[in-house]
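If you want the building blocks of each chain, they are given just below.
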Amino acid sequence: MNHLLNSAGEYQDVLYQLGTDENSTKEVWRSSEKQIPEQRDSLSSWYISGVKLYYYASGNDLWQIDLKSGEEQKLIALDGVLESGTAVFSESVIGLLNDNPDAQWGLQSGYRAGGDTIKIYDYTGKLLNEISLQPVYEKYADTAHCTMVFTDENSIYLLAYRGMEHSVSSVLYQISQDNGELHEIEGWLGSTMGYQNPDSDENERGTR
């Protein structure tokens, strides 16, 4: 998948099938304004199963595309429900987190902020569960951002970054898709790294 700015000044994703040489490499799909509307957060996530592409561009709907026939179907209507968001996929479920672009760095930076609710869907578009991440923010008041790492058939794995965006200090959670129970995984490397504000008096004294 190649993310590009086209000649019209619009962002597109282009999916290629790579062959063993230039002649056997070809474009198989290109996003349109349906999938990435103008002025939307252009961060996208996708998953391929068989000949089906499942595609989500932040703040829009989730689409199912048949790569053989080219048929496009809106699988989950999210426009107006999520202002932004990121997705992870397993063979049976889709997880959507309502995080947003980092206000300081902007849409195209790839940096994210916030995220307090995960919605889990199946591949018919049915909402299976909605999980609040408020317990994470309540336990660690300096949590700046939560990001989903991956999902399997039972759990979603999530990193909560503490203190700043993509800090070295983070907490790893295993979250049950069934009941939303959050299990903090002890011994995660990032959990042993204490966050210290770079503008704190102690740091200033240490550099003098």
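Whatever comes next refers back to the structure up there.
Below or above, wherever it landed, is the structure these notes cover. Counting starts from 1 at the beginning of each chain's written sequence and moves along it residue by residue. Restriction of local features to residues with pLDDT of at least 70 applies here, the model being predicted, together with a cutoff of 80 or more for giving and counting side-chain atom pairs; totals for whole chains, interfaces and linings are based on all residues. Heavy atoms throughout the structure, all of them, feed into the side-chain values; hydrogens and water do not.

1. A look at the pattern of salt bridges
The term salt bridge refers to a side-chain nitrogen of Lys or Arg lying within 4 Å of a carboxyl oxygen of Asp or Glu. Tallied over the entire structure, the rule returns 6 salt bridges. Across the pair arginine 30 and glutamate 27 runs a salt bridge, and its minimum N-O distance is 2.9 Å. The buried label applies to any residue whose accessible area, calculated with a 1.4 Å probe on protein chains only, is under 20% of its type's maximum; exposed applies above 50%, and partly exposed to all values in between. Take arginine 30: its relative accessible area is 35%, and that puts it in the partly exposed class. On the basis of relative accessibility, which here comes to 38%, the residue glutamate 27 falls in the partly exposed class.

2. Focus: the packing of aromatic side chains
Pairing of aromatic side chains requires ring centres within 6.5 Å, counting the rings of Phe and Tyr and the six-membered ring of Trp. Pairs whose planes differ by under 30 degrees are stacked, by over 60 edge-to-face, and all others tilted. Per the stated rule, a full pass over the model turns up 5 aromatic pairs. With centroids separated by 6.3 Å and ring planes inclined at 35 degrees, the aromatic side chains of tyrosine 47 and tyrosine 123 adopt a geometry described as tilted. Here tyrosine 47, found in strand 4 (residues 44–49), pairs with tyrosine 123, found in the loop between strand 12 (117–122) and strand 13 (127–132); they are 76 residues apart in sequence, far enough to count as distant. By relative accessible area, which is 17% here, tyrosine 123 ends up buried. Pairing tyrosine 54 with tyrosine 123 gives two aromatic rings, centres 4.7 Å apart and planes at 70 degrees, and the pair type is edge-to-face. Taken as a pair, tyrosine 54 in strand 5 (residues 52–57) and tyrosine 123 in the loop between strand 12 and strand 13 lie far apart in primary sequence, 69 residues in all. Its relative accessible area of 8% is what places tyrosine 54 among the buried residues. A connected cluster of aromatic rings, assembled from ring pairs, spans Tyr47, Tyr54, Phe89 and Tyr123. Here a strand is any run of E in DSSP of at least two residues, a helix any run of H or I of at least four, and the numbering for each starts at the N terminus.

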